[in-house]
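# Residue-level structural notes
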Amino acid sequence: MAADYYDADTENGDHIADPSEDALYMLLQDLDQPDNTFVTINPADDSDWYASVSLLADGSYEVERRDPSHHQHEHTTETDISAIAQDLTIWLAGRDHPGRPTSRS
């Protein structure tokens, strides 16, 4: 199934279209050294933003979020995969997705 908004892919080939917070958590939980060390999240369209999470040798996670159209580039190190999944879900919801319905106040 094709993604409407974004795709998450792991180093070992796992792929989820439009993953939920729980699905992101599961992808992060499955990361291990040395064969499955990262998850990348890319837009389903031609947008130029992305996010990635890499498992470091010490068991922590390097999180990178980049959105050039909003002048954002964040790089952090985290240890709580639940917090990472939640933060990514919130960040992903703020990305531009052509054709996505918008709410008006």
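As a starting point, this report considers the structure included with it.

Before going further, it helps to examine the sheet that holds strand β4 (residues 50–55). The strand order across the open sheet formed by six strands is β2-β1-β3-β4-β5-β6, and the pairing between neighbours is antiparallel. Only two strands of the sheet have a single neighbouring strand rather than two, namely β2 (15–17) and β6 (72–78). This sheet shows a mean twist of 10 degrees between the axes of neighbouring strands, independent of strand direction. Across three bridges, the pairing between strand β1 (residues 6–10) and β2 is antiparallel. Bridged to Asp 9 within β2 is His 15.

Okay, helix α2 (residues 81–93) next. Here α2 contains 13 residues, and its C-alpha end-to-end distance of 18 Å stays within 8% of the 18 Å for a straight helix at 1.5 Å per residue. Taken residue by residue, α2 has Ile 81, Ile 84, Ala 85, Leu 88, Trp 91 and Leu 92 as its buried positions. Buried residues of α2, viewed axially, fall in a sector of 130 degrees; they line one side. Buried-residue contacts for α2 involve β1, α1 (21–29), β3 (38–43), β4, β5 (61–67) and β6. Capping the start of α2 is the job of one residue whose side-chain oxygen sits 3.0 Å from the backbone nitrogen of Ser 82: Asp 80.

Okay, the nonpolar core next. Core analysis: the largest hydrophobic core is formed by 20 residues, its most contacted members being Leu 28, Ile 41 and Ile 84. Secondary structure elements with two or more residues in this core: β1, α1, β3, β4, β5 and α2. By residue number, the principal contributor to this core is α2, which donates six residues. Excluding anything up to four places from it in sequence, Ile 84 contacts Leu 28, Val 53, Tyr 61, Val 63 and Glu 78.

Bringing α1 into the picture now. In an α-helix there are 3.6 residues to a turn, and that puts residues three or four apart on one side. Those residues of α1 not exposed but buried are Ala 23, Leu 24, Leu 27 and Leu 28. Buried residues in α1, looked at end-on, bunch into an arc of 140 degrees, giving them a common side.

Here is the key point about a regular strand: its side chains alternate between the two faces of the sheet. Relative to β6, β5 runs antiparallel, the two sharing seven bridges. Looking at β6, one finds that Glu 62 is bridged to Thr 77.

Here we come to unusual backbone geometry. For the bond from Gln 33 to Pro 34, the omega torsion is -5 degrees, close enough to zero to count as cis. Its location among the elements puts Pro 34 in the loop between α1 and β3. If you check the backbone angles, Asp 18 has positive phi at about 50 degrees while not being a glycine. Relative to the helices and strands, Asp 18 is located in the loop between β2 and α1. Of note in the backbone geometry, His 71 takes a positive phi value of approximately 55 degrees without being a glycine. For His 71, a relative accessible area of 77% translates into the label exposed.

Cut-offs applied
Residues numbered from 1 in each chain as written. Predicted model: local features only at pLDDT ≥ 70, side-chain atom pairs only at ≥ 80, totals over all residues. Heavy atoms only, no water. Pairing = 2+ DSSP bridges. Helix = DSSP H or I, 4+ residues; strand = E, 2+ residues; numbered from the N terminus. Axes fitted to C-alpha atoms, helices over the stretch in contact; angles between N-to-C directions. Expected span 1.5 Å × (residues − 1). Buried < 20%, exposed > 50% of the residue type's maximum accessible area, 1.4 Å probe, protein only. Arc of directions from axis to C-beta. Contact = heavy atoms within 4.5 Å. Polar contact = N/O pair within 3.5 Å; in protein donor to acceptor, adjacent residues only side chain to side chain. Core = buried A, V, L, I, M, F, W, Y, C linked by side-chain atoms within 4.5 Å.

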